[in-house]
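Take a look at the letters that make up each chain.
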Amino acid sequence: MMENVINIQNVDRSFGKKSVLKNISMTIGEGEIFGILGPSGSGKTTLIKLIAGIDQSSKGNVTVFQQSMPNFTVLPQVGYMGQSDALYIDLSGYDNLAFFGALYGLKGKNLKNRIQEVASIVGLDDALKKEVNQYSGGMKKRLSLAIAILHKPSLLILDEPTVGIDPVLRKQIWKQFTEMKEQGTTIIITTHIMEEAEKCERVGLIREGELIALDTIENLKAKTTSGKIEELYFENEVIV
Ligand SMILES: Nc1ncnc2c1ncn2[C@@H]1O[C@H](COP(=O)(O)OP(=O)(O)OP(=O)(O)O)[C@@H](O)[C@H]1O
């Protein structure tokens, strides 16, 4: 049986008087590729930050690997890639990877090999020696992704991972996600692009902080008359 890695129960998140997440409940299973789809400002980033333990809910519970979040003991098992790059731009790509690798406790030959491995996954083999301030936006994004997967996390949380990445590399990165999934990694991806959401096994649709639908792409499409998931955003009824 597939175990639930993530359990979100009646979660609210407010900033002052502004309610950004409203009574969200969902579970995500081990080895699932789960998409969080919603327009800009709907609350996707806020939600995954609660899962990653970077932020705390105002109400309700988030558990990851059966631990109530935020929880430091869970962090080594989590890889997180935010929307803005957290890179040292005066260092080379290699040194960025070496720095974060050391934080994760990787050393010596293991670290070296793993850096080569992740660099090749994201197509940065030839750019590792360059300083990051010479990288393009897409290259920085790929380096951030390489850092997020460096320690082989069991849970990978990615905020719009393939924005600014060309289709060829996007395909390669998705292939890697599938391989990681097959090895049991749970992957959560936020996106506002339908095509990207369609690659996920299940998708939660968020609108103005509410989870309006959650299902497989196939089932979500079956709930529409046009066969287009976008349609669900224009319905008033919440179908979770
Ligand atoms: N720390 C904060 N203080 C106040 N408001 C915040 C804070 N963080 C997020 N918000 C607000 O919460 C809402 C949801 O933001 P969030 O970043 O989660 O949306 P999103 O769906 O990820 O959007 P995008 O796709 O543009 O990143 C926005 O209106 C945002 O202004």
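For the structure, see preceding data.
Below is a summary of the structure that appears in this document. (Residues numbered from 1 in each chain as written. Predicted model: local features only at pLDDT ≥ 70, side-chain atom pairs only at ≥ 80, totals over all residues.)

## Thoughts on the site of the ligand
Step number 1: Among the 13 residues in the neighbourhood of the ligand, the closest are listed as Phe-15, Ser-40, Lys-44, Thr-45 and Thr-46.
Step number 2: Those elements that provide at least two residues to the shell around the ligand are strand S2 (18-29) and helix H1 (44-52).
Step number 3: Residue contributions to the shell around the ligand peak at three residues, all from H1.
Step number 4: For the shell around the ligand, the per-class residue count stands at two nonpolar, nine polar and two charged. (Near = placed C-beta within 6 Å. Helix = DSSP H or I, 4+ residues; strand = E, 2+ residues; numbered from the N terminus. Nonpolar A, V, L, I, M, F, W, Y, C, P; charged D, E, K, R; others polar.)

## Regarding the pairing of S2
Step number 1: In terms of strand pairing, strand S1 (residues 4-15) meets S2 through eight bridges, oriented antiparallel. The residue bridging Ile-6 from the neighbouring strand is Ile-28, located in S2.
Step number 2: As consecutive antiparallel partners, S1 and S2 are separated by two residues, and within that stretch Gly-16 has a phi angle of approximately 60°, a positive value. (Pairing = 2+ DSSP bridges.)

## Examining the sheet that holds strand S7 (residues 155-159)
In a beta sheet, neighbouring strands are held together by backbone hydrogen bonds and run either parallel or antiparallel to one another.
Step number 1: Strand order in the open sheet formed by six strands is S6-S7-S8-S3-S9-S10, and the pairing between neighbours is mixed. Of all the strands in the sheet, just strand S6 (78-81) and strand S10 (210-216) have a single pairing partner and so form its edges. Mean inter-strand twist for the sheet, computed between neighbouring axes without regard to direction, equals 15°.
Step number 2: Contacting strand S3 (33-37), S7 and strand S8 (186-191), helix H5 (residues 167-182) crosses the sheet at an angle of about 145° to S8. (Axes fitted to C-alpha atoms, helices over the stretch in contact; angles between N-to-C directions. Contact = placed C-beta atoms within 7 Å.)

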